[in-house]
Every structure is written in structure tokens, then in C-alpha cells.
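Here is what each chain is made of, one letter per residue.
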Amino acid sequence: MAKVLRNPYDEGFIMLRRNLLSQPEMVNLINEEGWAGVGIYVAINLYLSHCEGGWGAYTGRQLSAIAVNGKKHRGDVTRVIEKYGLFVIEGSRFTSHWMLCQHGVDDEKLRHTRAHKTRAGEIEIDKEKENKEKSQACVSLNDTQPEVNNSPIGPSAYESVDSDGKRHGSHGELVPWWAPPQTDVYRAWSILREGWVPLSKYDTQAETDGRNDMQPEDFMMKTAWEKLDESEQYRIQDYAKRK
């Protein structure tokens, strides 16, 4: 009787290539993110492994869920997905090259896509460096801000928290509790860009649609007290008392 070879993926496993860490994309990830970045990469793929066909929802709500589970910021998850050419994004869904291989997609056919994503990532790196240089040239309010995972969070003196506990930017827009503090009154928090953007680049309708995909708890400062540890809570509270 012929032996039936089973697909390990069907048995509840996902196969990991032995040369994964030598892949150019992974080398770049490790160089910039360290082993924490590898952990985020694996966690995202574990999420995708439970999705039909390996394609997951690329929405603010889902990215937030992944980030909170790993005690990271959503920006960390977004950066790993978008920057290193390890994932494929199609509108409101995404997958990884790892998952596509698990589902029998020939990796050779992905070279063009991978090269395209790498070039896009290089452009984003240049933009990130430019924005960082600009922010360092300005007087920052972040020196006294509390930090979570080395990333300061708000609100700053430019922002407000309403009677329901929801955080707002200086222009009235809802701001996620994990967002960094606003340091420029001429910027608004962009859900789509995951950062404070100039008002000229703020698309009100698109931003409204993006916020509709999120939960009210994403904008409530009390959520920080539910998600963060005690020392992180005290840092936020101490800063609030000094304002």
C-alpha cells in the first residue's frame, strides 16, 4: 500500500525554512528591529495561519489587536508588515510570502512582488529619516513624556480628554490612546498614516472611515490602564499632574 504523505500545514503546523534568517529581507529586519522584530514577524504569521487562505484583515482594529497581545504599538506591527518586503498587501487584506508558500504558491512567482515591496520600503526609510531629522530640529515636548517600549505616548498639552475618557487632538479628531504626543498644533492624527500629519495632507472623509473601523476603546485613555503594567501607568499619571 502506498504511503500517504500528509501536509504538515493540515496537521496544525506551519513549516519554517531553515535558511529564513539568511534571507535578505530578514537580515534587514534583524538589523533594524533586532530579535523583537523577528518575534513580531512570527506572531503576525501565526495570526495569518488561522485566516482563510493565509490572508488576514489589514485594518486598524486587527493590527491593534496583534500589537496589544504582544505589548507593542500598532506602529511596530505596521512597520514590520510594510517596510521589509516580507508581506503582500492588497487593499484591506494582507498575507506573507511565508503563508503563500504554505498554501502552495510558487515563491519564484513572488520575486517581482518582493522586489517591488523592497523598493517601496526603501522609499519609506528615506521618508522616515527625513521626518526624524525634521522633528529633531524642532523643540520637542517629549523629554518629559512617559514611555512605553521606548515610545512616548500622550496626551500632550495640545490635546484633550473628554468626559467619556476619549482622547482628542487639538483639531477635535479622535486619537488612539497609544499614539505619541502631539507636538505641533498644525498637525492632526492620521489613522491611515499612523502619525501626526500636516493639515494639508489630512483627508477628513478617509480618516473618518478609518476611525469607523476601530473600537471606542481604542481612543479611551482608561484602556491604557487596562493594557499597560503598573509602572507605565504611573509614568502617564505623573506627567499628567505636571501639566
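Thresholds, definitions, all that
Residues numbered from 1 in each chain as written. Predicted model: local features only at pLDDT ≥ 70, side-chain atom pairs only at ≥ 80, totals over all residues. Heavy atoms only, no water. Helix = DSSP H or I, 4+ residues; strand = E, 2+ residues; numbered from the N terminus. Contact = heavy atoms within 4.5 Å. Phe/Tyr/Trp six-rings, centres within 6.5 Å; stacked < 30°, edge-to-face > 60°. Lys NZ or Arg CZ within 6 Å of the ring centre and 35° of its normal. Pairing = 2+ DSSP bridges. Buried < 20%, exposed > 50% of the residue type's maximum accessible area, 1.4 Å probe, protein only. Polar contact = N/O pair within 3.5 Å; in protein donor to acceptor, adjacent residues only side chain to side chain. Axes fitted to C-alpha atoms, helices over the stretch in contact; angles between N-to-C directions. Parallel < 35°, antiparallel > 145°, perpendicular 65-115°, else oblique. Nonpolar A, V, L, I, M, F, W, Y, C, P; charged D, E, K, R; others polar. pLDDT = per-residue confidence, 0-100. Patch = residues over 30% accessible without salt bridge, like charges linked within 9 Å, V, L, I, M, F, W, Y side chains within 5 Å. Areas by Shrake-Rupley, 256 points an atom, 1.4 Å probe, with all protein chains shown as cover. Salt bridge = Lys/Arg side-chain N within 4 Å of Asp/Glu carboxyl O.

Novice: I'd like to hear about the overall build of the protein, residue by residue, with values.
Specialist: If you tally the helices and strands in the protein, you get eight helices and nine strands. Residue pairs at least 24 apart in sequence account for 54% of intrachain contacts in the protein once pairs closer than 6 positions are excluded.

Novice: With reference to specific residues and values, describe the packing of aromatic side chains.
Specialist: Two descriptors summarise a pair of aromatic rings, namely the distance from one centre to the other and the angle between the planes of the rings. Counted under the stated rule, the structure contains seven aromatic pairs. Directly above the aromatic system of Trp-55 lies the positively charged group of Arg-93, at a separation of 3.8 Å from the ring centroid.

Novice: Describe the sheet that holds strand 3 (residues 93-96), and please don't skip the residues or the numbers.
Specialist: Strand order in the open sheet formed by three strands is 1-3-2, with antiparallel pairing between adjacent strands. In this open sheet, the two edge strands, each paired with only one partner strand, are strand 1 (56-57) and strand 2 (87-90).

Novice: I'd love a proper account of the side chain of Ser-96, names of residues and values included.
Specialist: Tracing the sequence through the fold places Ser-96 in strand 3. Here Ser-96 falls in the buried class, since its relative accessible area comes to 0%. Of note is the side chain of Ser-96, whose polar atom sits 3.0 Å from the backbone nitrogen of Met-99.

Novice: For the packing of helix 2 (residues 60-69) against helix 3 (residues 74-83), give the residues involved together with the corresponding values.
Specialist: Contact geometry for helix 2 and helix 3: axes closest at 8 Å, N-to-C directions at 105 degrees. With respect to helix 3, the axis of helix 2 lies roughly perpendicular. Of the residues in helix 3, those in contact with Gly-60, Arg-61, Leu-63, Ser-64, Ile-66 and Ala-67 of helix 2 are Arg-74, Val-77, Thr-78 and Ile-81. By residue class, the composition of the contact of helix 2 with helix 3 is five nonpolar, three polar and two charged.

Novice: Explain the confidence of the model for the protein to me, and be specific about the residues and the numbers.
Specialist: For the protein, per-residue confidence averages 76 on the pLDDT scale, and residues scoring 70 or more make up 69% of the total. At the level of individual helices and strands, the protein shows its lowest average pLDDT in strand 4 (residues 147-148), which scores 44, and its highest in strand 7 (residues 167-168), which scores 93. Within the model, the stretch residues 134-150 combines pLDDT values under 50 with 31 contacts to residues more than four positions away or in other chains.

Novice: Tell me about a nonpolar patch on the surface, and please be specific about residues and values.
Specialist: Taken together, Tyr-158, Val-185 and Tyr-186 make up a surface patch of nonpolar side chains, about 320 Å² in accessible area. With respect to the helices, strands and loops of the structure, Tyr-186 is situated in the loop between strand 7 and strand 8 (187-190). You can call Tyr-186 exposed: its relative accessible area is 62%.

Novice: Describe the packing of helix 1 (residues 24-48) against helix 3, with residues and values.
Specialist: For the pair helix 1 and helix 3, interaxial distance at closest approach is 10 Å and the crossing angle is 100 degrees. Viewed along their axes, helix 1 and helix 3 adopt a mutual orientation that is roughly perpendicular. Where helix 1 abuts helix 3, its residues Leu-29, Glu-32, Glu-33, Gly-37, Ile-40, Tyr-41 and Ile-44 lie against Asp-76, Val-77, Arg-79, Val-80, Ile-81 and Lys-83. Across the contact of helix 1 with helix 3, the residue classes tally to seven nonpolar, one polar and five charged.

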